[in-house]
Amino acid sequence: QVQLVESGGGLVQAGGSLRLSCAASGRTFSIYNIGWFRQAPGKEREFVAAITWSFVIKYYADSVKGRFTISRDNAKNTVYLQMNSLKFEDTAVYYCAAAEPTGGVLTTTSAYAYWGQGTQVTVSS
């Protein structure tokens, strides 16, 4: 098993930036593909970004492409989500999740076996 803890959320004005962190413990972190999802009140959880265990492939939702950057530091067992040019519609609880190397399509929640508890991001307009 792997345990995930998100941090870095908060309140920011539109146009501002935040960096979310996802710290992992437990089984070897480096073998997992890691994704970020978000869920706004009354809406389904949606894909934001993902990075493969090998660093080779990164995926982004169209709504965040060019503004958000996902990265990972396997030595620190941490994945980051740098969020720039934040918009009001980015307001949500952000979750990181870990998928087995053969876990499936990384843009879907079903690919992920482990989830963090989430961190709130609020963007004021």
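All of the points below concern the structure found in this document. Just so it is clear, the model here is predicted, and its values are computed rather than measured. (Residues numbered from 1 in each chain as written. Predicted model: local features only at pLDDT ≥ 70, side-chain atom pairs only at ≥ 80, totals over all residues. Heavy atoms only, no water.)

Let us look at the overall build of the protein. A count of helical and extended segments in the protein gives zero helices and eleven strands. C-alpha extents for the protein along the principal axes are approximately 40 × 25 × 25 Å. When contacts within the protein are restricted to residue pairs at least 6 apart in sequence, those whose partners lie at least 24 apart make up 58%. For the protein, the exposed area adds up to about 6200 Å²; of that, 51% sits on carbon and sulfur atoms. Between the centroid of the 11 positive side chains of the protein and the centroid of its 8 negative side chains there is a distance of 5 Å. (Helix = DSSP H or I, 4+ residues; strand = E, 2+ residues; numbered from the N terminus. Contact = heavy atoms within 4.5 Å. Areas by Shrake-Rupley, 256 points an atom, 1.4 Å probe, with all protein chains shown as cover. Lys, Arg positive; Asp, Glu negative; His and termini not counted. Charge placed at Lys NZ, Arg CZ, Asp CG, Glu CD.)

A separate point is the environment of Phe 88. Residue position: Phe 88 is located in the loop between strand 8 (78-83) and strand 9 (92-99). Residues Phe 88 and Val 12, 76 residues apart in the sequence, show an inter-C-alpha distance of 9.5 Å.

Another point: the sheet that holds strand 1 (residues 2-7). On the basis of which strands lie adjacent, the open sheet formed by four strands has the order 1-3-8-7 and antiparallel pairing. Of all the strands in the sheet, just strand 1 and strand 7 (68-73) have a single pairing partner and so form its edges. On average, adjacent strands in this sheet sit at an angle of 15° to one another, irrespective of strand direction. In the sheet, strand 1 pairs with strand 3 (residues 18-26) via six bridges, with the strands oriented antiparallel. Bridge pairing in strand 3 links Glu 6 to Cys 22. (Pairing = 2+ DSSP bridges. Axes fitted to C-alpha atoms, helices over the stretch in contact; angles between N-to-C directions.)

Moving on, we come to a nonpolar patch on the surface. There is a patch of nonpolar side chains on the surface, built from Val 56, Ile 57 and Tyr 59 and spanning about 270 Å² of accessible area. In this structure, Val 56 sits in the loop between strand 5 (46-51) and strand 6 (58-60). Its relative accessible area of 65% is what places Val 56 among the exposed residues. (Patch = residues over 30% accessible without salt bridge, like charges linked within 9 Å, V, L, I, M, F, W, Y side chains within 5 Å. Salt bridge = Lys/Arg side-chain N within 4 Å of Asp/Glu carboxyl O. Buried < 20%, exposed > 50% of the residue type's maximum accessible area, 1.4 Å probe, protein only.)

This brings us to the packing of aromatic side chains. Taken as a whole, this structure holds five aromatic pairs when the rule is applied. A ring pair is formed by Phe 37 and Phe 47, whose centres lie 5.7 Å apart and whose planes are at 75°; its orientation type is edge-to-face. Of this pair, Phe 37 sits in strand 4 (residues 33-39) while Phe 47 sits in strand 5; the two residues are ten residues apart in sequence, bridging distant segments of the chain. Of the residues examined, Phe 37 reaches a relative accessible area of 1% and is grouped as buried. (Phe/Tyr/Trp six-rings, centres within 6.5 Å; stacked < 30°, edge-to-face > 60°.)

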